[in-house]
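Fold and contact review
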Amino acid sequence: MNKRVLMKGNEVIAEAAIRAGCRFYAGYPITPQNEIPEYMSKRMPEVGGVFIQAESELAAINMVFGASAAGARAMTSSSSPGISLKQEGISFLVGAELPAVIVNMQRGGPGLGNISGSQQDYFQAVKGGGHGDYKLLVYAPFNHQELWSLTMRAFDRADEYRNPVMILADGVLGQMMEPFTPTDYNPPELPPKDWVLDGCKGRPPRVIKSLYLGEGELERHTRKLFSKYKKMKEKDVLYESYETEDADLVIAAFGIAARVCLSAVRMLREKGCRVGLFRPITLFPFPEKEIQEIASAGKRFLVVELNMGQMVEDVKLSVNGMTEVSFYGRTGGSMIFPEEIVQEAERML
Amino acid sequence: MSTPLRLKELSKKEDLLTGGHRLCSGCGAPIIVRQVLLAAEVPVVAANATGCLEVSTSIFPYTAWKIPWIHSAFENAAATISGVEAMYKALKRKGKIDRKIKFIAFGGDGGTYDIGFQSLSGAMERGHDIVYICYDNGAYMNTGIQRSSATPLGANTTTSPAGSVIPGKLQPRKNLTKIMAAHGIPYVAQTTPAHWRDLMTKVRKALDVDGPAFINVLASCNRGWRTPTNTTIQDTKLAVETCYWPLYEYENGRLKINYKPKEKKPIVEFLKTQGRFKHLFSPGNEHILEKIQELVDAEWEALLREESLYSEEG
């Protein structure tokens, strides 16, 4: 049995990546994720891996592109404005079908915004922040245990689908310390990396590209990408339900907002209110079916986010008019309090 | 007539960067900015790249700037000021503005040597009438002392940590002043806040030229350099006395060294006062100290040789 340890969220991600076999990390300074590159600069040389501090976010994501094409388990991390700069590279990774893990420790925006935690990059992460028709598999951890396990899982899924995976956390999770159990990494059965550009002596050369100029070629390629997203929807949806069965009202929230909502649900239950929590862990693929089931049982939704209303649109699409969906959000790096949610829920009940 | 560069006269001028900002005591950046703005004799508009200087002087609703000031992202102070200057020229052409106004961009070394280099180089090549001033403290201090391409060889930073195997940063710093000189712009210079008269003379020359100018100013950072808060001037002066940071300028492509120490101090004099180099004085790291001395000597001798070429021409 592994011992519980106390670590800072950013360092949890960095160590989990190394345990999962990440041997290439390129990053660039931006608050509140600096502990990831700092930790990597110390740890990577110890495990024979590569740490590079790039001259910009653009350089970092494209270093990941190169390392991934050469077969490495590669990762980069940043926070909101830096993730915006990486978008072209992310789109290229998807187009070229290269696996990579991208961490966004969100901060308040738009613009330079501030450096507090936020959830304002949901759309950017889930709807395809860069150009072109594409999806990332997006994990939304809500505690350090999940930062650990989802980081490991992210590398496996990236390799399985040959598609970048994003970890969408936030400055609060990144900066806070809490105990968790660092479980062992068990590598799953994965398809062989028979596409890697590692020297073609004795075999035909391979091509990795995202440029398709031939008639109908790009459409075929895009449809192939979408067959992967379909598969993700079938087998990679993750979520957690808490006391939703007898609930009249279900609060839906992800990441750090879900933690606050959990406290609110407990407070409401003590008052005798029948309220539950539904927490998507994958934001793409989104747990549409599970939300439909809740909606078809006549339960209403209160979506709570640290933004002006982003995931609420996906909840509404899933509910498709079957039941009432309300929204409560705080934005610009402001933290939400359980009492606010309690008040909002009571107003609805 | 411009204010003589004498303390008595300068002290009568209004400070255009006020106190009450939130930069650390002993920070080199605001000392530099105050000297720059005191030197200016025409109205100036400033752009400021993201960094300590920008964050700490402009926490809304307060501002320490008594001049028009514009902030954009990390990588584009030079692009932003290019836009402002181009608009000024357009308005002037149309007769909607007749005052002479000058444009200055401030950036730290991260925002200038690294992520901002593309927009800086572009602005210089297009020939905007701007002055770009880099305050170079040799790392990303605002985000917690990460290495930059201005970080000197051997320095301990949070992403070039000194340990038992790797002795701090493995690469020498980029020579940005020379790279800017290679752009062939009218004026390029290097100075420090310890040499206030030199700095202010250079700022006046830079503002005076019609076209782009670049000044690289060494700034100490007591958080990153691991120095006391009251040695900023001593530390930056030592950089010049050891020829780590020579005072020189390129006027229309001609190099002039503005100060030659009578006795060039060994580089360890500069290094030993700073905690970021502490590990270099442990046994086993002597070769790095030697290497740093070699780099300093080579740069200084190359400068002397280059200057002598121009004096031969007469």
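Each remark here, short or long, concerns the structure printed above.
This section reports on the structure supplied with the text. (Residues numbered from 1 in each chain as written. Chains lettered and ligands numbered in written order. Predicted model: local features only at pLDDT ≥ 70, side-chain atom pairs only at ≥ 80, totals over all residues. Heavy atoms only, no water.)

Of regular secondary structure, chain B possesses twelve helices and eight strands. Relative to the 2.2 N^0.38 estimate, which gives 20 Å for 314 residues, the radius of gyration of chain B is 19 Å and therefore close to what a compact globule would have. Along the first, second and third principal axes, the C-alpha atoms of chain B reach 70 × 55 × 40 Å. Here chain B holds 314 residues, and the buried ones make up 57% of them. In chain B, the proportion of contacts linking residues at least 24 apart, taken out of those at least 6 apart, comes to 69%. Carbon and sulfur atoms make up 55% of the accessible area of chain B, which amounts to about 13700 Å² in all. (Helix = DSSP H or I, 4+ residues; strand = E, 2+ residues; numbered from the N terminus. Rg over C-alpha atoms; globule rule 2.2 N^0.38 Å. Buried < 20%, exposed > 50% of the residue type's maximum accessible area, 1.4 Å probe, protein only. Contact = heavy atoms within 4.5 Å. Areas by Shrake-Rupley, 256 points an atom, 1.4 Å probe, with all protein chains shown as cover.)

Residues and elements named next belong to chain A. Helix 6 (residues 144–161) packs onto helix 1 (residues 9–19) with a crossing angle of 35 degrees between their chain directions and a minimal axis gap of 8 Å. Here the hand of the crossing between helix 1 and helix 6 comes out right-handed. Between helix 1 and helix 6, the contacting residues are Gly9, Val12, Ile13, Glu15, Ala16, Ala17 and Arg19 on the first element and His144, Leu147, Trp148, Thr151, Met152 and Phe155 on the second. (Axes fitted to C-alpha atoms, helices over the stretch in contact; angles between N-to-C directions. Left-handed = near helix turned anticlockwise from the far one by under 90°.)

What follows concerns the nonpolar core. Residue and element names in this part refer to chain A. Counting 112 residues, the largest nonpolar core has Met40, Met75, Ile251 and Phe301 as the members making the most contacts within it. Residue contributions to this core peak at nine residues, all from helix 9 (residues 255–270). Domain assignment of the residues forming this core places at least three in each of domain 1 (5–235) and domain 2 (240–348). Here Met75 is in contact with Ile13, Ala17, Cys22, Phe24, Tyr25, Ala26, Ile36, Met40, Val64, Val101, Val103 and Phe155, once residues within four sequence places are set aside. (Core = buried A, V, L, I, M, F, W, Y, C linked by side-chain atoms within 4.5 Å. Domains from an automatic or database assignment.)

Residue and element names in this part refer to chain B. It is at 9 Å that the axes of helix 2 (residues 28–39) and helix 8 (residues 196–208) come closest, and there the two elements cross at 50 degrees. One way to sum up the angle between helix 2 and helix 8 is to call them oblique. Once helix 2 is placed against helix 8, the crossing between them reads as right-handed. Only Trp196, Leu199, Met200, Val203 and Arg204 of helix 8 make contact with helix 2, whose side of the interface consists of Ile32, Gln35, Val36, Leu38 and Ala39. Residues that form the contact of helix 2 with helix 8 fall into these classes: eight nonpolar, one polar and one charged. (Parallel < 35°, antiparallel > 145°, perpendicular 65-115°, else oblique. Nonpolar A, V, L, I, M, F, W, Y, C, P; charged D, E, K, R; others polar.)

Now for helix 2 of chain B. Residue and element names in this part refer to chain B. The end-to-end C-alpha distance of helix 2, which contains twelve residues, comes to 17 Å, matching closely the 16 Å that a straight helix rising 1.5 Å per residue would cover. With ten of twelve residues buried, helix 2 lies mostly within the body of the structure. Taken together, the buried positions of helix 2 are occupied by Gly28, Ala29, Pro30, Ile32, Val33, Gln35, Val36, Leu37, Leu38 and Ala39. (Expected span 1.5 Å × (residues − 1).)

Another aspect to go through is the pairing of strand 10 (residues 249–252) of chain A. All names here are of chain A. Residues Leu249 and Ile251 point to one face of strand 10 and Val250 and Ala252 to the other, with burial holding for every one of them. Bridge analysis of strand 10 against strand 11 (residues 275–280) gives four bridges, and the strand direction is parallel. When the sheet's bridge partners are listed, Val250 is paired in strand 11 with Gly276. Viewed along the sheet, the connection from strand 10 through helix 9 into strand 11 turns out right-handed. Examined bridge by bridge, strand 10 and strand 13 (residues 300–305) share four bridges and lie parallel to one another. Bridge pairing in strand 13 places Ile251 opposite Leu302. (Pairing = 2+ DSSP bridges. Right-handed = clockwise from strand over helix to strand, strands pointing away.)

Residue and element names in this part refer to chain B. Mapped onto the elements of the fold, Trp245 is located in the loop between helix 10 (232–241) and strand 7 (248–251). Taking the C-alpha atoms as reference, Trp245 lies 22 Å from Glu286; in sequence the two are 41 residues apart. Look past the residues within four positions of Trp245 in its chain and what remains in contact with it is Tyr113, Asp136, Arg173, Gln190, Thr191, Thr192, Asn216, Val217, Leu218, Ala239 and Val240.

Now for the interface of chain B and chain A. Of the residues lining the interface, 17 residues belong to chain B; the matching set on chain A comes to 17 residues. Looking only at chain B, the three residues that lose the most surface to chain A are Ile115, Thr143 and Thr159 of chain B, adding up to 35% of its buried area. The tally of links between chain B and chain A comes to zero salt bridges. Scanning the region where chain B abuts chain A turns up eight residue pairs in polar contact (both at pLDDT 80 or more). (Buried area = accessible area lost by both parts, 1.4 Å probe. Salt bridge = Lys/Arg side-chain N within 4 Å of Asp/Glu carboxyl O. Polar contact = N/O pair within 3.5 Å; in protein donor to acceptor, adjacent residues only side chain to side chain.)

Once that is clear, we can look at the sheet that holds strand 6 (residues 137–139) of chain A. All names here are of chain A. On the basis of which strands lie adjacent, the open sheet formed by seven strands has the order 3-2-4-5-7-6-12 and mixed pairing. Two strands bound the open sheet, and with one partner strand each, they are strand 3 (50–53) and strand 12 (282–284). Taken pair by pair, the neighbouring strands of this sheet meet at an average axis angle of 20 degrees, ignoring direction. Relative to strand 12, strand 6 is paired through two bridges, and the arrangement is antiparallel. Counted as the bridge partner of Tyr139 is Thr282 from strand 12. Contacting strand 4 (74–78), strand 5 (101–106) and strand 7 (165–170), helix 1 crosses the sheet at an angle of about 175 degrees to strand 5.

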